[in-house]
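# Analysis of the macromolecular model
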Amino acid sequence: MRGQEPFDDTGPTSVLVQKAEPAFPDPVGKTLPNKRDARPGSWRRALGRDWQLYTLAVLPLAFFVIFRYVPMLGNIIAFRKYEPGGSLFGETWVGLRYVKMFLADPSFWNVFTNTLVLGTLTLLFCFPLPIVLALLLNEVRNGKVKRFLQSVSYLPHFLSVVIVAGLVMQLVSIDGPVNQLVKALGGEPTAFIQKPEWFRTIFVSSEVWQTVGWGTILYLAALTTIDEQLYEAARMDGAGRWRQIWHVTLPGIRPTAVTLLILNIGTFMTIGFEKVLLLYNPLTYPTADVITTFLYRMGVESSNLSYAAAIGLFEALVGVVLIVSANLISRRAVGTSLW
């Protein structure tokens, strides 16, 4: 065309018209922040911009620092001889003396075995049953009936452990409903709460009744995130309800289930201290005494705080090993982990 200058792509002006494309364009044409923007001072700008949100974390952090991390300093008395009224961190250094004491103590290994057995039974029953109950509640189509069942199953969680222990003791007492039923069936009344062989059954049953309903909350929340189109596709392929649960529902809640399993394994060694303390008695020590109650008797009742601290430190180390191992196995086996 007349008056139009020819374009020379080799001239120096060709460099000026070339613009760098954004490194991370999003679908609507905007430019996402480049990774290079994460400079060392960027957290200061974020703190200045969102300081109101960060203030919400002050009290929780203070709680954990004061009541979780500062008390860890007391673990030093596991290696020092502590006397009530003396130095806060013990009088003299004794090294591994208390560690050797509990490793050679037959009573300790008895309570350690009881802890493993009670923890395993509780995990076997209290972990999968909330999943089953959540699946059953998810199949209820009547909204009023579903809310009623949820309320009834949640209620035991809000009862104090003292109340639950009192109910259990009344139920299994000589004149309680359980023995009344046994008598009606022609049997002899039994003092169940004083029988070592019945303690684990009583404890696990009460744990199931108290915790299973509350444990369904997270699973019901996870079920709401599953795409309905997956169920429609499964129905189009001819899958029934059981097939849909197996191939759609269970994979959908698997990350939640794995996370809760890891957390439960982390608290494996601290099983039910309050309830065990309220339900057990010297007659049931052979099967009821666990590490936490043994620590209570050694530390509080016998004032042997250094010995109790050494056992508590051992218990904590076992818990750390369990949760780290469970997290590693979960990450490699199913691809889901806490960290």
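Structural notes, computed from the coordinates. Just so it is clear, the structure is predicted and the values come from calculations on it, not from any experiment.

The biggest cluster of nonpolar side chains holds 20 residues, and the ones touching the most others in it are Phe-102, Phe-108, Met-269, Ile-291, Phe-294, Tyr-307 and Ile-311. Contributing elements (two or more residues each) for this core: α5 (97–103), α6 (106–126), α16 (291–301) and α17 (305–333). It is α17 that provides the largest number of residues to this core, a total of six residues. Those residues in contact with Ile-291 that sit more than four places away from it in its chain are Val-111, Phe-112, Thr-115, Met-269, Ile-311 and Glu-315. The next biggest cluster of nonpolar side chains, apart from the first, holds 18 residues, and it includes Leu-137, Tyr-231, Ala-234 and Ile-253.

Over its 28 residues, helix α11 (residues 196–223) runs 41 Å from end to end, which matches the ideal 40 Å to within 8%, given 1.5 Å per residue. Remark: the principal bend of α11, roughly 40°, maps to Thr-211.

Moving on, we get to α16. The buried fraction of α16 amounts to eight of the 11 residues, a majority that puts the element mostly inside the structure. Tucked inside the fold, the buried residues of α16 contact α6, α14 (273–279), α15 (285–288) and α17. Looking one or two residues beyond α16, the residue adopting positive phi is Ser-303, at roughly 60°.

Calculation rules
- Residues numbered from 1 in each chain as written.
- Predicted model: local features only at pLDDT ≥ 70, side-chain atom pairs only at ≥ 80, totals over all residues.
- Heavy atoms only, no water.
- Core = buried A, V, L, I, M, F, W, Y, C linked by side-chain atoms within 4.5 Å.
- Buried < 20%, exposed > 50% of the residue type's maximum accessible area, 1.4 Å probe, protein only.
- Helix = DSSP H or I, 4+ residues; strand = E, 2+ residues; numbered from the N terminus.
- Contact = heavy atoms within 4.5 Å.
- Expected span 1.5 Å × (residues − 1).
- Bend = angle between axes of the 7 residues up to and from the residue.

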